[in-house]
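Reading the structure
Below, each chain spelled out in residue letters.
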Amino acid sequence: DQIIAAFAQALRAVPQANAAYRDAQIEQYDRVNIGLVLPDGEGSTSVTLLDADALTVDELLALRSELTAKLAGGEITAPDTAGATATVTDMSQTGVTAFTAVLTPPHAVALAIGGRQTSGTVMLTLTCDQRVLSPHTAAGVLDALAKNLQ
């Protein structure tokens, strides 16, 4: 959840990344709402952490736990899955150490969180829509993310 908080803050710091490509135009978002991809038994469901950049790590953890429990109990609602502006897929609890996150249209960015490697590091991979972000701007997101994690 520390990584999710740092990513949300990075999107606030690099607002060009908190955007979408919709109807041949770039649409900027004012709110940073993270779509967190969770396993649901049959595949996965993306739940939304609204205003993630304004939440503490503890608040994000509580919200993630609440949404995970709702998903497990079959109580997830449409509002719980709506409004995301970027996606995070967290595989840190699996044996997967590195992967590429699937970009959820129309989002401009998706962050993949891999499991701990033997060195103790965690591999983070950013997938971007180049119609919205240049590679240099995407690198700015990763730079901001790294600084937020220090």
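Look above for the structure.
Not measured: the values here are computed from a predicted model. Note on numbering: residues in each chain are counted from 1, in written sequence order. Where local features are concerned, this predicted model is filtered to residues with pLDDT of at least 70; where side-chain atom pairs are given and counted, the filter is 80 or more; whole-chain, interface and lining totals use all residues. With hydrogens and water stripped out, all remaining heavy atoms of the structure feed into the side-chain values.

As a further point, take the nonpolar core. Counting residues in each nonpolar core, the largest one holds 34 residues, and the members touching the most others are Phe-7, Ile-34 and Val-109. Helix numbering and strand numbering both begin at the N terminus, where a helix is a DSSP run of H or I of at least 4 residues and a strand a DSSP run of E of at least 2. Elements with a contribution of two residues or more to this core: helix H1 (2–13), strand E3 (34–39), strand E4 (44–49), helix H2 (57–72), strand E5 (86–90), strand E6 (109–116) and helix H3 (135–149). When residues of this core are assigned to their parent elements, the largest contribution, eight residues, is made by H1. Residues count as neighbours in contact if any of their non-hydrogen atoms are within 4.5 Å of one another. Once residues within four sequence positions are removed from consideration, Val-109 is found in contact with Phe-7, Leu-11, Ala-17, Ala-86, Thr-87, Leu-103, Leu-126, Thr-127, Cys-128 and Leu-133. Put simply, buried Ala, Val, Leu, Ile, Met, Phe, Trp, Tyr and Cys residues joined by side-chain atoms within 4.5 Å make one nonpolar core. Burial classes follow relative accessibility: with a 1.4 Å probe on protein chains only, a residue under 20% of its type's maximum area counts as buried, one over 50% as exposed, and anything between as partly exposed.

Examined against the element boundaries, Thr-48 turns out to sit in strand E4. The definition of a polar contact used here is a pair of N or O atoms within 3.5 Å, where within protein one atom must be able to donate a hydrogen and the other to accept one, and adjacent residues in sequence count solely through side-chain atom pairs. Within the structure, the side chain of Thr-48 is placed 3.1 Å from the backbone oxygen of Ala-82, a separation counted as a polar contact. If we skip the residues at most four places from it in the chain, Thr-48 touches Asn-33, Ile-34, Gly-35, Leu-67, Asp-80, Thr-81, Ala-82, Gly-83 and Ala-84.

Two strands qualify as a pair provided DSSP detects at least 2 bridges between them. Read from one edge to the other, the open sheet built from five strands follows the order E4-E3-E5-E6-E7, with strand pairing classed as mixed. Here the strands that pair on one side only, and so sit at the sheet edges, are E4 and strand E7 (122–128). Geometrically, the sheet is characterised by an average inter-axis angle of 25° between neighbouring strands, direction not taken into account. Helix-sheet contacts for H2 involve E3, E4 and E5, and the interaxial angle to E4 is about 145°. Axes, fitted as lines to C-alpha atoms, cover a helix only where it is in contact. Angles between the N-to-C directions of the axes lie from 0 to 180 degrees.

Two numbers describe how H1 lies on H2: the axes approach to 9 Å, and their chain directions differ by 115°. With respect to their mutual orientation, H1 and H2 come out roughly perpendicular. Viewed along their axes, H1 and H2 form a crossing whose handedness is right-handed. Contacts between H1 and H2 involve Gln-2, Ile-4 and Ala-5 on the former and, on the latter, Val-57, Leu-60 and Arg-64. Its residues assigned to classes, the contact of H1 with H2 shows four nonpolar, one polar and one charged. Throughout this description, any angle smaller than 35 degrees is read as roughly parallel, any larger than 145 degrees as roughly antiparallel, any in the 65 to 115 degree range as roughly perpendicular, and the remainder as oblique. Left-handed describes a crossing whose near helix is turned anticlockwise from the far helix through less than a right angle; right-handed describes the clockwise counterpart. Note on residue categories: nonpolar means Ala, Val, Leu, Ile, Met, Phe, Trp, Tyr, Cys or Pro, charged means Asp, Glu, Lys or Arg, and polar means any other residue, Gly included.

Moving on, we come to unusual backbone geometry. A cis amide bond links Pro-105 with the next residue in sequence, Pro-106, at an omega value of 5°. Looking at where Pro-106 falls in the secondary structure, it is placed in the loop between E5 and E6. With phi around 55°, Asp-23 is a residue other than glycine that occupies positive phi space. Relative to the helices and strands, Asp-23 resides in the loop between strand E1 (19–22) and strand E2 (25–28). At Asp-51, a residue that is not glycine, the phi angle is positive and equals roughly 50°. Note that Asp-51 resides in the loop between E4 and H2.

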